[in-house]
Amino acid sequence: MKTKLRCDGCGVELQTENEDELGYIPKSALDREHVLCKRCFQLRHYNKNVTVSLTSDDFLQMVSSIHDEKGIVVHLIDIFDVDGTLLKNLRRIVGDKKIYLVANKIDLLPKSTNHKKLTDWLYKVIKDEHLEVEEIHLISAQTGYQIDELAMVLESARDHQDIYVVGVTNVGKSTFINQLIQRSTHLKDAITTSYFPGTTLDFISIALDQTSAMIDTPGIVNERQIAHYVSKKDLKTIVPRKEVKARNYQLNDRQTLFFGGLARLDFIKGARQTFVCYFSNELPIHRTKSDNADDLYEKQVGKLLSPPNEETKKQLPPLVKQSYRISEPNTDIVFSGLGWVTILDGNITVDVYYPKGITVSIRSSF
Ligand SMILES: Nc1nc2c(ncn2[C@@H]2O[C@H](COP(=O)(O)OP(=O)(O)OP(=O)(O)O)[C@@H](O)[C@H]2O)c(=O)[nH]1
Ligand SMILES: [Mg+2]
C-alpha cells in the first residue's frame, strides 16, 4: 500500500496488516473515494467506540507541533462547559498566532439567553486568564448558527495562511469543519464525529485553496472534565443534546437538591427563593430535606439518585463539600461539565458537593 495513507475520518495512518491495531482498513476498501479506518466505520455505523492507545500527552505533543507554523487559530470551546474546555495554556501550545475564540453549542442554551451579555462575560473570563484573543464568536456547529458569518471573518483574517482548529476533546471541532465542508462541497459528515471524547486522532487537512488549508486537530485532554469519570451510558445522560430547559425549584433553607447522584446543593441559610437549574433535561433532579440528604445519598446513589450507574461508581471520585456565601442576586453556581444553578435573589449560604477534581465556580448570571 501507499505510504502514509491516512483515514479521512480521523486522520490516523492507515494499515492493512493488523485488524486489532489503530488505522486498520481491509485492502478491498482502500480504493474507495472516501477511505475510513475500521474504528471510524464502527463509530459511524454502530456508534461503537474502540478504546485507543494514544495518551493525553501524545495528543498534546501532536497539537503543540503547530507552535512555529504560520497560520491563525480557532480555539473552539463548549459554551456548556467553559471552565472545562478553555485552554488556559493555549499560547504555549500555538505560539504567537492570532486566536479567534469560538464558543460552540449555543443551541444548548435557553433561547432567552442574552448573547451580548454572554459575550461580555466571555471577554471577562479571557481577561482573567490573561489570554489575548482577536474576537469572540458564538456559534452552533450543529445547527449552523453564525457559521457563515464566522467563515467570512476567518477568510479575511487568515490572509492566505492556514487555519488551525484547536480545542479540548468533544467541543465540536470536527462538526464545525464538517459544516464548512458541507457548505462548499455538499459532502456530508466528511470527518468522523462522536459524543465520545478522543474521536479525531491526527491532523486532518482540508484544502482552502492551492496553498493553504483548514486543519482539524485531535482534542486536547482536560483531565478535570467530568466526561472522563463517567460511563458511556451516563455520558449520554449528562451531556445535553437539546436546548436545556430551566427547571425551577422554590426552596426553603434546610432543603437540598441532588443532581442525579453526581452533585448536590444544600440551601443552608437565607430567605425562601427560586433556584433555577440548567442541566441536561435527562438528568433527574431530586429535592429533599437537608436533614435526610446524607441518608438518602447513602441508600439511593445509583438508584433513585442516578447517574452514576454501577460502572461510573467504580471510577468517580468521592463527593467533596464546599461552602459559598452568595450575596449578589442573579448569581450562577457552575458545576463544570454538568450545568449550573442560578440564584435569583441572593443573600444566602449554600453547601455544594461535587466529585473531587471537578471544578465548581461562581459567576454573575447571563
Ligand atoms: N448540541 C450541540 N452538539 C454539538 C455541536 N457541535 C458538536 N456537537 C456534538 O458534540 C460531540 C463532539 O463533536 P466532535 O465534532 O466529534 O468534537 P471534536 O471536538 O472534534 O472531538 P475530538 O475529535 O474528540 O477532539 C458530538 O456528539 C457532536 O454531535 C453543537 O453545536 N451543538
Ligand atoms: Mg474531532
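Quick summary incoming for the structure in this document. For every chain, the first residue of its written sequence is number 1, and the numbers climb from 1 along that sequence. Lettering for chains starts from A, numbering for ligands starts from 1, and both go in the order in which the items are written. Given that the model is predicted, a residue must reach a pLDDT of at least 70 before its local features are reported, and side-chain atom pairs must reach 80 or more before they are shown or counted; all residues, however, enter totals for whole chains, interfaces and linings. To get the side-chain values, take all heavy atoms of the structure and skip hydrogens and water.

## Quick notes on the overall build of the protein
Going by this rule: Runs of H or I in DSSP of at least four residues are treated as helices and runs of E of at least two as strands, each being numbered from the N terminus. With the radius of gyration taken over C-alpha atoms, the globule rule is written as 2.2 Å times the number of residues to the power 0.38. Accessibility here uses a 1.4 Å probe with only protein chains present; expressed as a share of the type maximum, an area under 20% marks a residue as buried, one over 50% as exposed, and anything in between as partly exposed. Residue contacts are defined here by distance: any two heavy atoms, one from each residue, within 4.5 Å place the two residues in contact.
If you tally the helices and strands in the protein, you get 10 helices and 16 strands. Relative to the compact-globule value of 21 Å for 366 residues, the protein shows a C-alpha radius of gyration of 22 Å, a close match. Principal-axis analysis of the C-alpha atoms places the extent of the protein at approximately 70 × 45 × 35 Å. The buried share of the protein, taken over its 366 residues, is 53%. Restricting the contact set of the protein to residue pairs at least 6 apart, pairs at least 24 apart contribute 72%.

## Things to note about the site of ligand 1
Put simply, the rule reads: Nearness is defined per residue: one heavy atom within 4 Å of the molecule or strand is enough. Any N or O atom pair separated by 3.5 Å or less is treated as a polar contact, with the protein-specific requirement of one donor-capable and one acceptor-capable atom, and with residues adjacent in sequence counted only for side-chain atom pairs. What sets the accessible areas is the Shrake-Rupley method with a 1.4 Å probe; for residues, cover comes only from the shown protein chains. As defined here, a cavity is a set of points on a 1 Å grid over the protein atoms alone where a 1.4 Å probe fits but cannot get out. A pocket is an open set with protein on both sides within 12 Å along at least five of seven lines, and residues line them when an atom is within 4 Å of a point. Should more than half of a molecule's atoms lie within 2 Å of a pocket's or cavity's grid points, that molecule is taken to sit in it. In this classification, the charged set is Asp, Glu, Lys and Arg, the nonpolar set is Ala, Val, Leu, Ile, Met, Phe, Trp, Tyr, Cys and Pro, and all remaining amino acids, among them Gly, are polar.
If you check the shell around ligand 1, you find 22 residues, and the closest are Asp 107, Lys 173, Thr 175, Thr 199 and Thr 200. Between an oxygen atom of ligand 1 and a side-chain N or O atom of Lys 105, the distance comes to 3.1 Å. Contact between ligand 1 and Ser 194: an oxygen atom at 3.2 Å from a main-chain N or O atom of the residue. Protein contact buries 91% of the 650 Å² of open area that ligand 1 shows by itself. In a pocket analysis with a 2 Å cut-off to the grid points, ligand 1 is assigned to the largest pocket. Counting residues per element, the shell around ligand 1 draws most heavily on helix H7 (residues 173-185), at 3 residues. Across the shell around ligand 1, the residue classes break down as 5 nonpolar, 14 polar and 3 charged.

## Thoughts on the coordination of the magnesium ion (ligand 2)
To be explicit about the condition: With water excluded from the atoms, a metal site may look incomplete; its donors are any N, O or S atoms within 2.8 Å, or within 3.2 Å for Na, K and Ca.
Distances from the magnesium ion (ligand 2) to its protein donors, namely Ser 174 (OG) and Thr 200 (OG1), fall within the range 2.0 to 2.2 Å. Of this pair, Ser 174 sits in helix H7 while Thr 200 sits in the loop between H7 and strand S5 (204-207), and the two are 26 residues apart along the sequence.

## Observations regarding the nonpolar core
Stated precisely, the cut-off is as follows: We call a set of buried residues a nonpolar core when its members are Ala, Val, Leu, Ile, Met, Phe, Trp, Tyr or Cys and they connect through side-chain atoms within 4.5 Å of each other.
Formed by 61 residues in total, the largest nonpolar core has its most connected members in Leu 122, Val 166 and Phe 176. Core analysis: the next-biggest nonpolar cluster, separate from the first, contains 32 residues, Leu 316, Tyr 324, Val 352 and Tyr 354 among them.

## Thoughts on the sheet that holds strand S16 (residues 360-364)
As a reminder, the rule being used: When DSSP finds two or more bridges between two strands, those strands count as paired. Only the contacting stretch of a helix is used when fitting its axis, a line to C-alpha atoms as for every element, and angles between N-to-C directions run 0 to 180 degrees.
With antiparallel pairing, 5 strands are arranged side by side in an open sheet as S7-S10-S14-S13-S16. The open sheet terminates on both sides in strands that have one partner only, identified here as strand S7 (247-251) and S16. Averaged over all adjacent pairs, the angle separating strand axes in this sheet is 25 degrees, with direction ignored. Pairing of strand S10 (residues 273-279) with strand S14 (residues 339-343) involves 5 bridges; the strand directions are antiparallel.

## As for the sheet that holds strand S8 (residues 255-259)
Spatial strand order, S11-S8-S9-S15-S12: 5 strands in an open sheet with antiparallel pairing. Edge positions in the sheet fall to strand S11 (285-289) and strand S12 (319-326), since each of these pairs with one other strand and no more. Each adjacent strand pair in this sheet contributes to an overall mean axis angle of 20 degrees, direction not counted. As defined by bridge partners, S8 adjoins S11 across 5 bridges and the pair is classed as antiparallel. For Leu 257, the partnering residue across the bridge sits in S11 and is Arg 287.

## Comments concerning the packing of helix H6 (residues 147-158) against H7
Condition: Any angle that is under 35 degrees is reported as roughly parallel, and any over 145 degrees as roughly antiparallel; angles of 65 to 115 degrees are reported as roughly perpendicular and all others as oblique.
In contact at an axis separation of 11 Å, H6 and H7 are set at 85 degrees when each is read in the N-to-C sense. Accordingly, the angle class assigned to the pair H6 and H7 is roughly perpendicular. Contact with H6, carried on its side by Ile 147, Asp 148, Leu 150, Ala 151 and Leu 154, involves Phe 176, Gln 179, Leu 180 and Arg 183 of H7 and no other residues of that element. Taken together, the residues of the contact of H6 with H7 sort by class into 6 nonpolar, 1 polar and 2 charged.

## Quick look at the layout of surface pockets
We apply this condition: Grid points are joined across faces, edges and corners, and a volume is the space filled by probe spheres set on the points.
Reported here for the largest pocket is a volume of approximately 940 Å³. In terms of lining residues, the largest pocket is bounded by 46 residues, among which Lys 105, Asn 170, Thr 175, Ser 194 and Tyr 195 are the most central. Put simply, the parts of the chain that give the lining of the largest pocket at least two residues each are H7 and helix H8 (232-238). For the lining of the largest pocket, the element with the most residues is H7, which contributes 6 residues.

## Some details on the packing of aromatic side chains
Operational definition: The aromatic pairing rule takes the rings of Phe, Tyr and Trp, using the six-membered ring of Trp, and pairs them if the centres are within 6.5 Å, calling planes under 30 degrees apart stacked, those over 60 edge-to-face and the rest tilted.
Scanning the entire structure with this criterion turns up 10 aromatic pairs. Judged by centre distance (5.2 Å) and plane angle (45 degrees), the rings of Phe 80 and Trp 340 are tilted. Here Phe 80 is found in the loop between strand S1 (72-78) and helix H3 (82-85), whereas its partner Trp 340 is found in strand S14, with 260 residues between them in sequence. Using a relative accessible area of 3% as the deciding quantity, one classes Trp 340 as buried. Taking 6.2 Å as the distance between ring centres and 10 degrees as the angle between the ring planes, the aromatic pair formed by Phe 258 and Tyr 297 counts as stacked.

## Some words on the pattern of salt bridges
Two side chains carrying opposite charge are able to pair once their charged atoms lie near each other. Condition: Whenever Lys or Arg places a side-chain nitrogen within 4 Å of a carboxyl oxygen from Asp or Glu, that contact is recorded as a salt bridge.
Inspection of the entire model under this criterion finds 21 salt bridges. In this structure, Arg 6 engages Glu 13 in a salt bridge whose closest nitrogen and oxygen atoms are separated by 3.9 Å. Since its relative accessible area comes to 29%, Arg 6 is described here as partly exposed. With relative accessibility at 38%, the residue Glu 13 sits in the partly exposed group. The partner of Arg 158 in a salt bridge is Glu 155, and the shortest N-O contact between them spans 3.0 Å. With Arg 158 and Glu 155 both in helix H6, this residue pair falls 3 residues apart, about one helical turn. By relative accessible area, which is 45% here, Glu 155 ends up partly exposed. A single salt-bridge network, built from bridges that share partners, covers Arg 6, Glu 13 and Asp 202.

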